[in-house]
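In case you want the letters, here they are:
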Amino acid sequence: MAREKIRIKKIDNITARQVTFSKRRRGIFKKADELSVLCDADVALIIFSATGKLFEFSSSRMRDILGRYSLHASNINRLMDPPSTHLQLENCNLSRLSKEVEDKTKQLRKLRGEDLDGLNLEELQRLEKLLESGLSRVSEKKGECVMSQISSLEKRGSELVDENKRLRDKLETLERAKLITFMEALETESVTTNVSSYDSGAPLEDDSDTSLKLGLPSWE
């Protein structure tokens, strides 16, 4: 017995409609997942129910897939625009840029003192004021650089003076310590010499005097 073909139309019964929506949604999500796995495709589905509830499926990050879609759609729209419109816009931009480059080049040549033959008195005066203003700014900037260098040199000079004083103090301290060590060595050597002379058996000048005081005969 052949299966009766269901006619596709809106389901009037709300309950039946919700049941059908739930079944069909799960089915289409399953098919999308199978398509992604079998064919190695990026698949994204977005479904809003009759009540406005969002349901979505994506084989990878939904944001990445939507970004690719937006870029693709933008390229398609740009290609579908009449080519004459793009060409006219590009020609207009090119002409404007060319005019700006030409004007800037002429202005630069005039600032260099070139191509001045066609200028009237007013234009020459305007150019002179522009040069004076530029020269004033250059001189001001130059002065700032010179003052900065002077300040840096003064700071470096002060640092060198302090370093020289520190080294001089350190040298004086070392010399003073050496002198003290030398004097202590001399004093120690002098004491050692006196003690050595006393222990070496020097003649006792008071022996005869002692014998006389005791009434003993002298052996001399």
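Treat the numbers as computed from the prediction; the structure is a model and nothing was measured. (Residues numbered from 1 in each chain as written. Predicted model: local features only at pLDDT ≥ 70, side-chain atom pairs only at ≥ 80, totals over all residues. Heavy atoms only, no water.)

Draft legend 1. Expanded view of the overall build of the protein chain. For the protein chain, the helix and strand inventory stands at five helices and two strands. Moving toward the C terminus, one meets the helices and strands of the protein chain in the order α-β-β-α-α-α-α. Looking at the 220 residues of the protein chain, the share that counts as buried comes to 6%. Nonlocal contacts in the protein chain, meaning residues at least 24 apart in sequence, comprise 15% of its contacts between residues at least 6 apart. Of the roughly 20300 Å² that the protein chain leaves accessible, carbon and sulfur atoms contribute 58%. (Helix = DSSP H or I, 4+ residues; strand = E, 2+ residues; numbered from the N terminus. Buried < 20%, exposed > 50% of the residue type's maximum accessible area, 1.4 Å probe, protein only. Contact = heavy atoms within 4.5 Å. Areas by Shrake-Rupley, 256 points an atom, 1.4 Å probe, with all protein chains shown as cover.)

Draft legend 2. Main features of the side chain of Ser36. The topology assignment puts Ser36 in helix H1 (residues 14-39). Ignoring sequence-local partners within four residues, the contact set of Ser36 consists of Ala41, Val43 and Ser59.

Draft legend 3. Structural detail: the side chain of Ser49. Counting through the fold element by element, Ser49 comes out in the loop between strand E1 (44-48) and strand E2 (54-58). Given a relative accessible area of 14%, Ser49 falls into the buried group. Setting aside residues up to four positions removed in sequence, Ser49 forms contacts with Phe21 and Phe55.

Draft legend 4. Spatial organisation of the environment of Arg17. Residue placement: Arg17 occurs in helix H1. With 33 residues separating them in the primary sequence, Arg17 and Ala50 have C-alpha atoms 9.6 Å apart. Non-local contacts of Arg17, meaning those with residues more than four positions away in its chain, are made with Lys10, Ile11 and Asp12.

Draft legend 5. Summary view of the packing of aromatic side chains. Taken as a whole and assessed by the stated rule, the structure comprises two aromatic pairs. Over the ring of Phe55 we find Arg25; its NZ or CZ atom is 4.2 Å from the centre of that ring. (Phe/Tyr/Trp six-rings, centres within 6.5 Å; stacked < 30°, edge-to-face > 60°. Lys NZ or Arg CZ within 6 Å of the ring centre and 35° of its normal.)

Draft legend 6. Region of the structure containing the nonpolar core. Grouped together as the largest cluster of nonpolar side chains are six residues: Phe29, Ala32, Val43, Ile47, Phe55 and Phe57. Mapped onto this core, the elements with two or more residues apiece are H1 and E2. Contacts of Val43, omitting those with residues within four sequence positions, involve Ala32, Leu35, Ser36, Phe57, Ser58, Ser59 and Ile65. (Core = buried A, V, L, I, M, F, W, Y, C linked by side-chain atoms within 4.5 Å.)

Draft legend 7. Structural context of a nonpolar patch on the surface. Taken together, Ile46, Phe48, Leu54 and Leu66 make up a surface patch of nonpolar side chains, about 380 Å² in accessible area. As for its position among the elements, Leu54 is in strand E2. When its relative accessible area of 42% is taken as the criterion, Leu54 is described as partly exposed. (Patch = residues over 30% accessible without salt bridge, like charges linked within 9 Å, V, L, I, M, F, W, Y side chains within 5 Å. Salt bridge = Lys/Arg side-chain N within 4 Å of Asp/Glu carboxyl O.)

Draft legend 8. Highlighting the pattern of salt bridges. On inspection of all chains with the given rule, the structure shows eight salt bridges. Note that Arg61 is salt-bridged to Asp64, the shortest N-O span being 4.0 Å. Residue classification places Asp64 among the partly exposed positions, given a relative accessible area of 41%. Measuring nitrogen to oxygen at the nearest pair gives 3.5 Å for the salt bridge that ties Arg156 to Glu159. Within this pair, Arg156 and its partner Glu159 are both found in helix H4 (residues 121-199), separated by three residues, close to a single helical turn.

Draft legend 9. Inspection of the pairing of E2 at higher detail. Burial along E2 is one-sided: Phe55 and Phe57 are buried, and none of Leu54, Glu56 and Ser58, which face the opposite way, are. Bridge analysis of E1 against E2 gives five bridges, and the strand direction is antiparallel. Directly across from Phe48, in E2, lies its bridge partner Leu54. The loop that links E1 with its antiparallel partner E2 comprises five residues; one of these, Gly52, has a positive phi angle of about 90°. (Pairing = 2+ DSSP bridges.)

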